[in-house]
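# Topology and contacts: notes
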Amino acid sequence: MPEPPNQVTKLPAGSSVDTRCVTSYSSYRMLGVISLGLVGAPRERTDLAGVLVHLGILSFEPGVRPEDLSDALVLRGALDRCFGAASRRDALPARDVDTINSYASDEPPALILRPDGSVARSATDPIRAGLSAIARDAIETIARQGSDLRVCRGDGCGRIFLDRSRGKDRRWCSMARCGNRMKVTAFRRRRRRTPPAALRSDS
């Protein structure tokens, strides 16, 4: 079977992966990293093949067919809704559960040992295999750490994340982004409410 053309298919804005939460394929065993990465994606990373490589699921960028893009968006929507339901302690949507299980039933990428001792990851259908790896990660995340899923309280964010803090009281997906922004907003709000006389007395 001939290889698909080496082309790049773009995901719509907001449908890519959050590159800040991923370091390498070793993070694949950190539950939630790759599945939450696909759901909570910024606008600037829009290459589906590049997403799978950046997450460490595949070692090489495959060609992306239009149906691959559709599959990725279907899985992304199912993950988003199931993660959201788990964060609220609600029952998971049955149709989305079936979708995730269907993707997970495919074979994930195979590990290939290279002569130099390094490892490559590939598959006959790399996009589908990559989505399978993401679905499997989501299943383990919800089953083992579903109670730790949270929705970011940052204004206009709503990103879903795993609360790994000791006190389980994390409020933001990222302190460097939403956390700092919310603190600055709260500070400015307090300053506006402080009477001018009180400000002069503080100086």
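In this text the structure is predicted, and so the values were computed from the model without any measurement. (Residues numbered from 1 in each chain as written. Predicted model: local features only at pLDDT ≥ 70, side-chain atom pairs only at ≥ 80, totals over all residues. Heavy atoms only, no water.)

Between side chains of opposite charge, a pair can form when the charged atoms approach closely. If you walk through the whole model with that rule in mind, you get 10 salt bridges. The closest approach of N and O atoms between D106 and R128, which form a salt bridge, is 2.4 Å. With D106 in the loop between α4 (94-104) and β1 (110-113) and R128 in helix α5 (residues 126-145), this residue pair connects regions lying 22 residues apart in the sequence. Classification of D106 by relative accessible area gives partly exposed; the value is 23%. A residue is classified by how much of its surface remains accessible, and R128, at 22% relative accessible area, is partly exposed. Measuring nitrogen to oxygen at the nearest pair gives 3.3 Å for the salt bridge that ties K168 to D148. Here the residue K168 occupies a position in the loop between β4 (160-162) and α6 (175-193), and D148 occupies one in the loop between α5 and β3 (149-151), the gap between them amounting to 20 residues. The class of K168 is partly exposed, set by a relative accessible area of 36%. Residue classification places D148 among the buried positions, given a relative accessible area of 13%. Salt bridges here are not isolated pairs; linked through shared partners, they connect R65, E67, D68 and D125. (Salt bridge = Lys/Arg side-chain N within 4 Å of Asp/Glu carboxyl O. Helix = DSSP H or I, 4+ residues; strand = E, 2+ residues; numbered from the N terminus. Buried < 20%, exposed > 50% of the residue type's maximum accessible area, 1.4 Å probe, protein only.)

With that out of the way, let us pick up the pairing of β1. Across a regular strand the side chains alternate sides, sitting on one face of the sheet and then on the other. The sheet contact formed by β1 and strand β2 (residues 119-122) spans four bridges and is antiparallel. Bridging across to β2, A110 finds its partner in S122. Once β1 ends, the chain turns through five residues before running back antiparallel as β2, passing G117 with a positive phi of about 90°. (Pairing = 2+ DSSP bridges.)

Attention now goes to the side chain of D163. Looking at where D163 falls in the secondary structure, it is placed in the loop between β4 and α6. For D163, a relative accessible area of 0% translates into the label buried. Leaving out residues up to four positions away in the same chain, D163 has contacts with D148, R150, K168, D169 and R170. (Contact = heavy atoms within 4.5 Å.)

Turning next to α5. Since the α-helix packs 3.6 residues into each turn, any two residues three or four apart lie on the same face. With 20 residues, α5 extends 28 Å from end C-alpha to end C-alpha; this agrees with the ideal 28 Å at 1.5 Å per step. In terms of residue burial, α5 counts as a mostly covered element, since 14 of its 20 residues are buried. (Expected span 1.5 Å × (residues − 1).)

A cluster of nonpolar residues, L111, L113 and V119, forms a patch on the protein surface that exposes about 310 Å² of accessible area. On the basis of relative accessibility, which here comes to 58%, the residue L111 falls in the exposed class. (Patch = residues over 30% accessible without salt bridge, like charges linked within 9 Å, V, L, I, M, F, W, Y side chains within 5 Å. Areas by Shrake-Rupley, 256 points an atom, 1.4 Å probe, with all protein chains shown as cover.)

Right, let's talk about the packing of helix α3 (residues 66-87) against α5 for a bit. Where α3 contacts α5, the axes come no closer than 11 Å and their chain directions differ by 5°. With respect to each other, α3 and α5 are oriented roughly parallel. Only I127, R128, L131, I134, A135, A138, T141 and I142 of α5 make contact with α3, whose side of the interface consists of D68, D71, A72, L75, L79, C82, F83 and A86. Classifying every residue of the contact of α3 with α5 gives 12 nonpolar, one polar and three charged. (Axes fitted to C-alpha atoms, helices over the stretch in contact; angles between N-to-C directions. Parallel < 35°, antiparallel > 145°, perpendicular 65-115°, else oblique. Nonpolar A, V, L, I, M, F, W, Y, C, P; charged D, E, K, R; others polar.)

Of all residues in the chain, 68% attain a pLDDT of 70 or more, and the chain-wide mean is 75. Ranking the elements of the chain by mean pLDDT puts helix α7 (residues 196-202) last, at 55, and α4 first, at 97. Low pLDDT (under 50) marks residues 1-29, which in the prediction has 72 contacts with non-local residues, meaning those over four places away or in another chain. A low-confidence stretch, residues 41-46 stays under pLDDT 50, and its non-local contacts, those more than four residues away or across chains, total 26 contacts. (pLDDT = per-residue confidence, 0-100.)

With that settled, consider the side chain of T99. With respect to the secondary-structure elements, T99 resides in helix α4. Setting aside anything within four residues of it in sequence, one finds T99 in contact with V74 and A78.

What follows is about the nonpolar core. Grouped together as the largest cluster of nonpolar side chains are 33 residues, with contacts concentrated most on I57, L75, L79, F83, I134 and L149. Those elements that place two or more of their residues in this core are α1 (33-39), α2 (48-54), α3, α4, α5 and β4. (Core = buried A, V, L, I, M, F, W, Y, C linked by side-chain atoms within 4.5 Å.)

This part takes up the packing of aromatic side chains. Within this structure, the stated rule accounts for zero aromatic pairs. Against the face of Y103 rests R128, its NZ or CZ located 4.3 Å from the ring centre. (Phe/Tyr/Trp six-rings, centres within 6.5 Å; stacked < 30°, edge-to-face > 60°. Lys NZ or Arg CZ within 6 Å of the ring centre and 35° of its normal.)

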